[in-house]
Amino acid sequence: LMHLTRKLIEIRTMLLSIDQSDSLKLPSIVVIGSQSSGKSSVLEAIVGHEFLPKGNNMVTRRPIELTLIHTPANEGGEEYGEFPALGLGKITDFSNIQRVLTDLNLAVPASEAVSNEPIDLRIYSPRVPDLTLIDLPGYIQISSMDQPESLKDKIAGLCERYIREPNIILAVCAADVDLANSPALRASRKVDPLGLRTIGVITKMDLVPPEQGATILSGNRYPLHLGYVGVVCKPPGKQPKKESTAMVATRAELEYFSGNREHFGSGQLMVGTDTLRRRLMEVLESSMASSLHGITNAVQLELEEAQYQFKVQYNDRRISAESYVAEIVDTLKGRVRECAAQFRRPAVRARLKALLDERALGILEQLYWSDRRAPELSQLAADGRVRPEDVEPYWRYKLEAAASLLTKSGVGRDATLLVADGLRGLIEAIATGEPFTHHPRTAERLVQFAHGILRERVGITSDQVENCIKPYKYEVEVEPREWEAGRAEAVELYERELEMCEGKLKEIRKRIGGSRRLNSLVSYVHSLEEKERERKQRRLAAPDGEPPEPTADLNGDDYRYPPAQILDARHAMLYGERLNILKLRLSALKSKRCKGGPENDVLCPEAFLEVVTDKLAYTSAMFINIELLEHFFYQFPREIDSRLLYDLDRREIIEFARENPEIRRHLDLQERKDKLEEVMKQLNSLATLRPDVQPNARRQ
Ligand code: GDP
């Protein structure tokens, strides 16, 4: 029989970890009583050790789920306590248990005073029976100054929750207080009027005359089906130092009841802690046994539901936190590989080329297009008779200036940063996408790793690139084949630019309402500009001190056109000018002269600059690949391996996996199903322990 209770206590603990719903609860003994009724003394007498918090101020602030586990003396009979939730290991010194409990209680904020969250404490000892007891805060009569007014209700509410079915109520009352005034009995009567599951414990029997004590225990006035047990848990007078309190208490109790044998020795009354212990075992065991049938059915129902849900929702697919983590690492590495593919050398070169082309266009605009003599150069190319060496040195200097502007524009740094930014962007995109949306801290770390590697490499890489393009700053040798390629690229570049300008002009024309209107706007703007020029000249010629004429608003002081349209007209004029020059240059680039080869570089600066940008892009891409990309794509996956997930311990892995709500639900259901299956197995095995108990009766 002992074995059954122990098994059921195990099952009860498992059920508690599945959920807190009442349908899945096996009974426990709930200890209630008013403050100072001797509740702690009784519990300590049962355990045989002093281990509960002491003090005047109410010290039990959280329920204590006390599980007693009998360790047979012939199997070593170890005696220790354990707080499973705290991971403190075996505590053999009971005063340490007392300290931990005190700390846990004091950790409840004073403003709350009482917390609903139970403390799980297990005590292993050869002197205890297999029992589960729940110690609750004592009822208080009056709220003191420093206790909130609502405290009384709060405690009462907490006790009420625990004394529900199927729990057994241990109502602790002091013999020297009228039972009519016992809050414990009053509370129990509300939920268990016949006392079918209430045991009365009358403490401090030594404080009332024995005949009065015996009358109380007979239970005639307030009958309880399970009866009353009388105890003496506190030794009268001083305790000798070398004896433990519990031992002294036991002896005092023994002395008291045997000294008053004429009142208590009839065998009708239950007295003494030993009797109480035995009574509790019997009551718990029979209560558990009678709950067994119901609980088995409830577990079976829950299990079927969980199995069904698991099948329907997850098709019986099992997962683990570890497999999830491994999957994430795989996904992540896959993404990084995809990302590496986007950073192959030709792709990088094309991006750098685009950057440099942009820059070359800027230089051409600055040095050539805005030069009034630009048409001359185009004419020279079209002419075809001029030999390159006869061209004015002016144009040679220009070309050298252009090449120098391009090669000395900080290509090393800009090209490296362009690629680094691209990498950063990609990693950020990975980190902000699924499944990392559920793992913000991990995403953050990913980005940090990427930044860390880039920080380390960017400086080195840009120096290296700058170093390797250095020769081009002094001289660029051009092969005929390179020249032809450069020329073709320049033509393409200009054609694109041309198209862009035409597109913009078209947009403006459409906005303004046709080309005729645009033309009249443009001539109006011309006339405005003309007027402004004259005015400026006059002002310059005027003698000092004469007040200047008020200047008319260039944007149309006569409001003939809205300012936005005037602005459009100005832009149209600029695009028009650019179109002209682009067309001129295009025809030059397509001329025989330009096609003639690299010796015509002065006449075709565009082709020459294209060759330069090609060379710069090629060299930069090569060294960025070696110095930055190869390092990055080597190191980043290793960071993921070594620092992101594989250094997590089991608890952290579970925590990580559970950050994903989908995985959390899956794990929860799977765990619930597993636990229910295990409980069901245990319940079924009980049937072999006790043939009178048939857990599966419902299924017939
Ligand atoms: P709790 O507040 O209900 O936990 O009560 P305690 O167990 O702390 O006991 C309250 C007081 O009653 C303490 O001073 C105990 O020493 C005393 N006490 C407890 N049991 C007995 C008993 O059987 N006889 C006597 N004389 N005093 C007791």
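Bear in mind that the values here come from a model prediction, so they are computed numbers and not experimental data.

Conventions we followed
- Residues numbered from 1 in each chain as written.
- Predicted model: local features only at pLDDT ≥ 70, side-chain atom pairs only at ≥ 80, totals over all residues.
- Heavy atoms only, no water.
- Helix = DSSP H or I, 4+ residues; strand = E, 2+ residues; numbered from the N terminus.
- Buried < 20%, exposed > 50% of the residue type's maximum accessible area, 1.4 Å probe, protein only.
- Contact = heavy atoms within 4.5 Å.
- Areas by Shrake-Rupley, 256 points an atom, 1.4 Å probe, with all protein chains shown as cover.
- pLDDT = per-residue confidence, 0-100.
- Pairing = 2+ DSSP bridges.
- Phe/Tyr/Trp six-rings, centres within 6.5 Å; stacked < 30°, edge-to-face > 60°.
- Polar contact = N/O pair within 3.5 Å; in protein donor to acceptor, adjacent residues only side chain to side chain.
- Near = heavy atom within 4 Å.
- Nonpolar A, V, L, I, M, F, W, Y, C, P; charged D, E, K, R; others polar.

Participant: A description of the overall build of the protein chain should follow, citing residues and the corresponding values.
Facilitator: On a plain count of helices and strands, the protein chain comes out with 22 helices and nine strands. Evaluated residue by residue, the protein chain yields a buried proportion of 48% over its 700 residues. If you take every contact in the protein chain between residues at least 6 apart in sequence, the share linking residues at least 24 apart comes to 81%. Carbon and sulfur atoms form 51% of the exposed surface of the protein chain, whose accessible area is close to 35800 Å².

Participant: Break down the confidence of the model for the protein chain for me, with residues and values.
Facilitator: For the protein chain, the mean per-residue pLDDT works out to 86, and 91% of the residues sit at or above 70. Counting interchain partners and residues more than four positions distant, the pLDDT-below-50 stretch residues 693-700 has 19 contacts. Here the predicted complex scores 0.67 on pTM and 0.97 on ipTM.

Participant: Describe in detail the sheet that holds strand S1 (residues 29-33), supporting the description with residues and values.
Facilitator: If you walk across this open sheet you meet the nine strands as S3-S4-S2-S5-S1-S6-S7-S8-S9, and the pairing is mixed. If you trace the sheet from one side to the other, it starts and ends with strand S3 (80-82) and strand S9 (270-271), each paired once. One ladder, built from five bridges, connects strand S2 (residues 64-70) with strand S5 (residues 131-135); its direction is antiparallel. Bridge assignment links Thr67 to a residue of S5, and that residue is Thr132.

Participant: Can you break down the pairing of S2 residue by residue, with the values?
Facilitator: In terms of burial, S2 is largely enclosed, as six of its seven residues are buried. Two elements, S2 and strand S4 (residues 119-125), share seven bridges in a ladder whose sense is parallel. Opposite His70, over in S4, you have Ser125 as the bridge partner.

Participant: Can you explain the side chain of Glu44? Please cite residues and give values.
Facilitator: You can see Glu44 is positioned in helix H2 (residues 39-47). Those residues in contact with Glu44, other than ones at most four positions away along the chain, are His49, Glu50, Phe51, Leu52 and Lys54.

Participant: Requested: an account of the pairing of S5, with residues and values cited.
Facilitator: Along S5, five of the five residues are buried, which leaves the element largely enclosed by surrounding structure. The alternating pattern of S5 places Leu131, Leu133 and Asp135 and Thr132 and Ile134 on opposite faces, both of which are buried. Here S1 runs beside S5; their pairing, made up of three bridges, is parallel. What sits directly across from Ile29, in S5, is Leu133.

Participant: Give a description of the packing of aromatic side chains that names residues and reports values.
Facilitator: One pass over the full model with this rule turns up twelve aromatic pairs. Look at Phe257 and Phe264: their rings are 5.2 Å apart centre to centre, the planes differ by 90°, and that puts the pair in the edge-to-face class. We classify Phe257 as buried; its relative accessible area is 9%. Residues Phe632 and Phe636 carry aromatic rings whose centres are separated by 5.2 Å and whose planes lie at 10° to one another, so their mutual orientation is stacked. Highlighted residues: Phe632 and Phe636, both in helix H20 (residues 605-645), separated by four residues, approximately one helical turn.

Participant: Can you break down the environment of Lys615 residue by residue, with the values?
Facilitator: Position of Lys615 relative to the elements: it lies in helix H20. Overall, Lys615 belongs to the buried group, its relative accessible area being 16%. Along the sequence, Lys615 and Val478 sit 137 residues apart, while their C-alpha atoms lie 9.9 Å from each other. Excluding its chain neighbours within four sequence positions, the residues that come into contact with Lys615 are Tyr472, Val476, Glu477 and Glu482. Looking at Lys615, its side chain comes within polar contact range of the main-chain oxygen of Glu477, at 3.3 Å.

Participant: Just give me the short version of the site of the ligand, but keep the residues and values in it.
Facilitator: In the vicinity of the ligand there are 14 residues, among which Ser36, Ser40, Ser41, Cys233 and Lys234 approach most closely. Ser36 places a polar main-chain atom, nitrogen or oxygen, 2.7 Å from an oxygen atom of the ligand. A distance of 3.1 Å separates an oxygen atom of the ligand from a polar backbone atom of Ser37. Starting from 570 Å² of accessible surface for the ligand in isolation, the protein chains cover 74%. Of the residues that constitute the shell around the ligand, the class distribution is three nonpolar, seven polar and four charged.

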